[in-house]
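Coordinates in review
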Amino acid sequence: MPGDLQSTRPYARAGQRGGFQLRLLDSFSLRHVDAQITVPTGPQRLLAFLAIHGPAPRPVILGTLWPNAREPRARGSLRTAMWRLHRDAPRLIRPVDDALILGPDVLVDLHSITDSAQSILQNSSEIPDDRWQLFAAGELLPDWRDDWVIFERERLRQLRLHALDVLAERFAAQGRYMDALEAALESARIGPLRETATRMIIAMHLAGDNVAEAVRHYEFFRDLLGAELGIEPSRQLTAMLSPWLRTLVTADLSAPAGSGRRLLVR
Amino acid sequence: MTVSASGFQVRILNGFELSVMGRVVLIKAGPQRLIAFLTLYGRPHPRSYVAGILWPNVASDRANANLRASIWRLPAQCRPLIKLADGYIRLADGVTVDYLDAKALAHRLLDDPESRDADLSRGARLELSSELLPACYDEWVLIERERFRQLRVHALEVQCERLTRVGRYAEAIDAGFAAVCAEPLRESSHRVLISAHLAEGNTSEARRQYALFRQVLGNELGIEPSDDLRDLTAHACDRHP
């Protein structure tokens, strides 16, 4: 069939029904239909690498997964991993020439969340239906310490953060403040020290005339930034609240002594 | 990638693929190496020279025989791809090559600060994240692969900087990570990525990336990032309202 070779090209993501589900977010798991498949460490690393890297030639796999082993030994480890997978999950991995690829009937959560985030970032106005994926998901294989995971984990994190920021802006532009706030809060949950999300949260509180909420969130962020990094919020962020900060300071000075209201501006 | 007048299209990024008039043609390993070599080294070469490079471990008459066999083993529709004249061998004119497109893209980014907007797209990032014949460990590929890696990582850094300048931070950070993933220990890639975080006003993310780089650099090489990078990350913290 002519489509066969096409499906071996990188990033072929069919994910047919009745196939495998590979989960790499939060923790590793492999399911077939509804049955959990137990996967030992070696095959786990092979599957994760192919899902993250795309189709990979054998020498690249050997060098990445078993960097400290001599070649015959590494080839043996790869064979063992392949054999175990073949036994427990046949046709999950396929050889093409000297390369290995993930079969087309595997649905990988990393791929669907990446696609969802990219579609938000690429299209100037779309709010896709599958945006919920950006909310629930955790980090990429959080307890793995391999170099090839560390940077991909951080990359995915940034991708999600920026997709959520854009989503929040898009909702805000449509006047859907509650949805915008929710996206911004999720962004802030993943990256609590980022100003981008905090700016949006404060803007949404202000858009809803909730000055007290805005000020409260500003204070929370300022304290967190001070405690964690020893720095102040940027001028732009402070400027967003300046009319009210001044009012509060004035109110503060005239308040009875010991009212305990902290000064917002030094 | 547009199909050229000759109808031949050779891909040598992320693996070898030959198509004729838009249809993929499967060919054997020997002819693959020959076509890949001629694609990579564009000029006409003496046949015996090419045979010696592709089959370095056999006697020269054997190598020449292998070369002849590789040419004859090509499917008939692919024969016009290779031109032979006066003992020289070269690739036909007008063949579309993905590697040349990617190189042109990288040079536009490096040489022309105003190059077109499409050069900043996600498609361009994917092109610049491609590796030259990753499965091939022949000497003649290794050096070109390394050279191309340097070129594309530089271009990705420029893309990151340009996107940062126009405030497209999400894409800038994507480009920065593409560079970092290609060369995890390269400081300049981490620098443009950190600068993108700072430009977006996210000091915490800049620090996080710095810490990550420092950790990996320490693990792999046992050294520290440069003072410049440390200062870049640290000075951003001196902001006061």
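Structure's up top.
Note that the structure is predicted; figures quoted are calculated from it, not measured.

How each quantity is defined
- Residues numbered from 1 in each chain as written.
- Chains lettered and ligands numbered in written order.
- Predicted model: local features only at pLDDT ≥ 70, side-chain atom pairs only at ≥ 80, totals over all residues.
- Heavy atoms only, no water.
- Contact = heavy atoms within 4.5 Å.
- Buried area = accessible area lost by both parts, 1.4 Å probe.
- Salt bridge = Lys/Arg side-chain N within 4 Å of Asp/Glu carboxyl O.
- Polar contact = N/O pair within 3.5 Å; in protein donor to acceptor, adjacent residues only side chain to side chain.
- Helix = DSSP H or I, 4+ residues; strand = E, 2+ residues; numbered from the N terminus.
- Axes fitted to C-alpha atoms, helices over the stretch in contact; angles between N-to-C directions.
- Parallel < 35°, antiparallel > 145°, perpendicular 65-115°, else oblique.
- Nonpolar A, V, L, I, M, F, W, Y, C, P; charged D, E, K, R; others polar.
- Pairing = 2+ DSSP bridges.

1. A few points about the interface of chain A and chain B
Taken together, the 33 residues of chain A in the interface contact 36 residues of chain B. Surface buried jointly by chain A and chain B totals about 3300 Å² across both partners, of which 57% is contributed by carbon and sulfur atoms. Connecting chain A to chain B are four salt bridges. Among the ionic pairs, D174 of chain B bridges to R155 of chain A, the shortest N-O distance being 3.6 Å. Our enumeration of links across chain A and chain B arrives at nine residue pairs in polar contact (both at pLDDT 80 or more). Take the side of chain A that touches chain B: its biggest share by element is eleven residues, from helix α7 (residues 147-173) of chain A.

2. Some words on the packing of helix α3 (residues 58-65) of chain A against helix α4 (residues 71-88) of chain A
Residue and element names in this part refer to chain A. Contact pair α3 / α4: the axes reach a minimum separation of 10 Å and the direction vectors enclose 100 degrees. Classified by the angle their axes make, α3 and α4 are roughly perpendicular. Residues R58, I61 and L62 of α3 touch α4, and the partners they reach there are E71, A74, R75 and L78. For the contact of α3 with α4, the per-class residue count stands at four nonpolar, no polar and three charged.

3. Side note on the sheet that holds strand β6 (residues 88-91) of chain B
Residue and element names in this part refer to chain B. Strand order in this open sheet of three strands is β4-β6-β5, and the pairing throughout is antiparallel. One side of each edge strand has no neighbouring strand; the edge strands of this open sheet are β4 (45-46) and β5 (82-85). Direction of pairing for β5 relative to β6: antiparallel, over a ladder of four bridges. Its bridge partner lying in β6, A85 is registered against Y88. Lying over the sheet, helix α1 (residues 29-40) contacts β4, β5 and β6, oriented at roughly 80 degrees with respect to β6.

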